[in-house]
Amino acid sequence: MKKQRAFLKWAGGKYTLVEPIRRLLPPGDKLIEPFVGAGSVFLNTDYDQYLLNDINPDLINLYKILKRRPKTYIEDARRFFVAANNQESAYYSIREQFNQSTDPYLRSLLFLYLNRHGYNGLCRYNSKGAFNVPFGRYRAPYFPEAELEFFAEKSRKATFTCEPFQNSFRRARQGHVIYCDPPYLPLSPTANFTSYAGNGFGLDEQLLLAQKATHAARKRGIPVLISNHDTETARIFYEHAELTMLQVHRFISQNGATRNKVGELLAYFVPLPRR
């Protein structure tokens, strides 16, 4: 199966981890992703149905529009990918337009532009909900036409929701599989940075996710796979899971010399047969 890239650049995206994730995901009727992000796991698995959730309304809005109107969306989005818009002044003007707009379709177009022109594909909002990623200074930002088309085609199998992750767990049924890629636990106490959706995802939420996964597997017979940093806290939270340890390159830093390998965990909560 040829690996498919997401059309969005995404900090912490799972493109490089697709193979080990795929090996651990069991077969099922539907894959549920409570933290879909750029969708690399969705794009590189083969389930009959998908429930794809994220707490970021701009992301889910874009996905819904692309699914509904792929040709129109791609044509309109392409117009923003011109040399005149790959300048600092144009970027900040378009970013301001995005932050002031309440029009879902315009926001979906500008979101893609900001994602491909902003710094390192980050998606970050300030405390007032304004997108605040700085200009990326790329020589010629790539317009991901083929990736958009593939995503739109595959999204026919998908339902998109924008709600807390707990709701995605409630929607799961026997025969479904859950894959979670939450905001990661910090590698150190000072490493945490502002949440990409403007909603904090702290230790309480990390613990709740682990509890939901344990409950889904042990009480409801639903398999759950979670990816996270390999930290002492993660190992405590995932004590009821089978752990796979990996070393992964991190690409947040602009300085190639500081892109070190970090430990990553895949925690698989094995479903118990329902009595």
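On a predicted model such as this, the values are computed, not experimentally measured, just so you know.

### Structural notes on the domain arrangement of the chain
Then step 1. Here the domain parsing of the chain yields domain 1 (17-55 + 163-269) and domain 2 (63-146).
Then step 2. On a C-alpha basis, the centroid separation for the pair domain 1 and domain 2 is 26 Å.

### A short note on the UniProt feature "binding site: S-adenosyl-L-methionine" (unreviewed entry) in the chain
Then step 1. In this structure's numbering, the residues bearing the UniProt feature "binding site: S-adenosyl-L-methionine" (unreviewed entry) are Trp 10, Lys 14, Asp 54 and Asp 181.
Then step 2. Secondary-structure assignment places Asp 54 in the loop between β2 (49-53) and α3 (57-68).
Then step 3. A relative accessible area of 2% means that Asp 54 is categorised as buried.
Then step 4. Along the chain, Asp 181 falls in the loop between β4 (176-180) and α9 (203-220).
Then step 5. Note on Asp 181: relative accessible area 17%, which makes it buried.
Then step 6. In contact with Asp 181, other than residues within four places in its own chain, are Gly 12, Lys 14, Phe 35 and Ser 227.
Then step 7. Side-chain polar atoms of Asp 181 contact the side chain of Lys 14, separated by 3.1 Å.

### Some remarks on the environment of Leu 106
Then step 1. Mapped onto the elements, Leu 106 comes out in helix α6 (residues 104-117).
Then step 2. Here Leu 106 falls in the partly exposed class, since its relative accessible area comes to 22%.
Then step 3. The residues contacting Leu 106, other than those within four sequence positions of it, are Gln 97 and Ser 101.

### Remarks on the packing of helix α5 (residues 88-100) against α6
Then step 1. Relative to each other, α5 and α6 sit at 145°, their axes nearing to 10 Å. The hand of the α5/α6 crossing is left-handed. On α6, the residues that touch Ala 90, Tyr 91, Ile 94, Arg 95, Gln 97, Phe 98 and Asn 99 of α5 are Leu 106, Arg 107, Leu 110, Phe 111, Tyr 113, Leu 114 and His 117.
Then step 2. Classifying every residue of the contact of α5 with α6 by side-chain character gives nine nonpolar, three polar and two charged.

### Focus on the packing of aromatic side chains
Then step 1. Tallied over the full model, the rule gives 22 aromatic pairs.
Then step 2. Ring plane angle 85° and centroid distance 5.2 Å describe the contact between Phe 7 and Phe 151, whose orientation is recorded as edge-to-face. Within this pair, whereas Phe 7 is found in the segment before α1 (18-24), its partner Phe 151 is found in helix α7 (residues 145-154), the two being separated by 144 residues in sequence. Like Phe 7, the residue Phe 151 is buried in the burial classification.
Then step 3. Both rings, one in Tyr 47 and one in Tyr 50, keep their centres 6.0 Å apart while their planes meet at 85°; by these two values the pair is edge-to-face. Each member of the pair, Tyr 47 together with Tyr 50, is buried.
Then step 4. Three or more aromatic residues link up through ring pairs in this structure, and these residues are Phe 7, Phe 42, Tyr 47, Tyr 50, Tyr 63, Phe 151 and Phe 160.
Then step 5. Seen from the ring of Phe 98, Arg 107 lies directly overhead, with NZ or CZ sitting 4.1 Å from the centre.

### Quick notes on the side chain of Asp 76
Then step 1. By the element assignment, Asp 76 lies in helix α4 (residues 70-78).
Then step 2. Filtering out sequence-adjacent residues up to four positions away, Asp 76 remains in contact with Tyr 105 and Leu 109.

### Let's talk about the pattern of salt bridges
Pairing between side chains becomes possible if they bear opposite charge and their charged atoms approach one another.
Then step 1. In total, this model carries 10 salt bridges according to the counting rule given.
Then step 2. Across the pair Asp 181 and Lys 14 runs a salt bridge whose closest N-O atoms are separated by 3.1 Å. Pair noted here: Asp 181 is in the loop between β4 and α9 and Lys 14 is in the segment before α1, with a separation of 167 residues, a long-range link. For the pair Asp 181 and Lys 14, a shared accessibility class is recorded, and that class is buried.
Then step 3. Between Glu 145 and Arg 78 there is a salt bridge, with the nearest N and O atoms lying 2.8 Å from each other. With a gap of 67 residues between them, Glu 145 in helix α7 and Arg 78 in helix α4 connect regions that are remote in the sequence.
Then step 4. Of the residues examined, Glu 145 reaches a relative accessible area of 28% and is grouped as partly exposed.
Then step 5. Exposure remark for Arg 78: the relative accessible area of 34% places this residue in the partly exposed category.

Rules behind the numbers
- Residues numbered from 1 in each chain as written.
- Predicted model: local features only at pLDDT ≥ 70, side-chain atom pairs only at ≥ 80, totals over all residues.
- Heavy atoms only, no water.
- Domains from an automatic or database assignment.
- UniProt positions renumbered as here; feature names shortened; annotations may be inferred.
- Helix = DSSP H or I, 4+ residues; strand = E, 2+ residues; numbered from the N terminus.
- Buried < 20%, exposed > 50% of the residue type's maximum accessible area, 1.4 Å probe, protein only.
- Contact = heavy atoms within 4.5 Å.
- Polar contact = N/O pair within 3.5 Å; in protein donor to acceptor, adjacent residues only side chain to side chain.
- Axes fitted to C-alpha atoms, helices over the stretch in contact; angles between N-to-C directions.
- Left-handed = near helix turned anticlockwise from the far one by under 90°.
- Nonpolar A, V, L, I, M, F, W, Y, C, P; charged D, E, K, R; others polar.
- Phe/Tyr/Trp six-rings, centres within 6.5 Å; stacked < 30°, edge-to-face > 60°.
- Lys NZ or Arg CZ within 6 Å of the ring centre and 35° of its normal.
- Salt bridge = Lys/Arg side-chain N within 4 Å of Asp/Glu carboxyl O.

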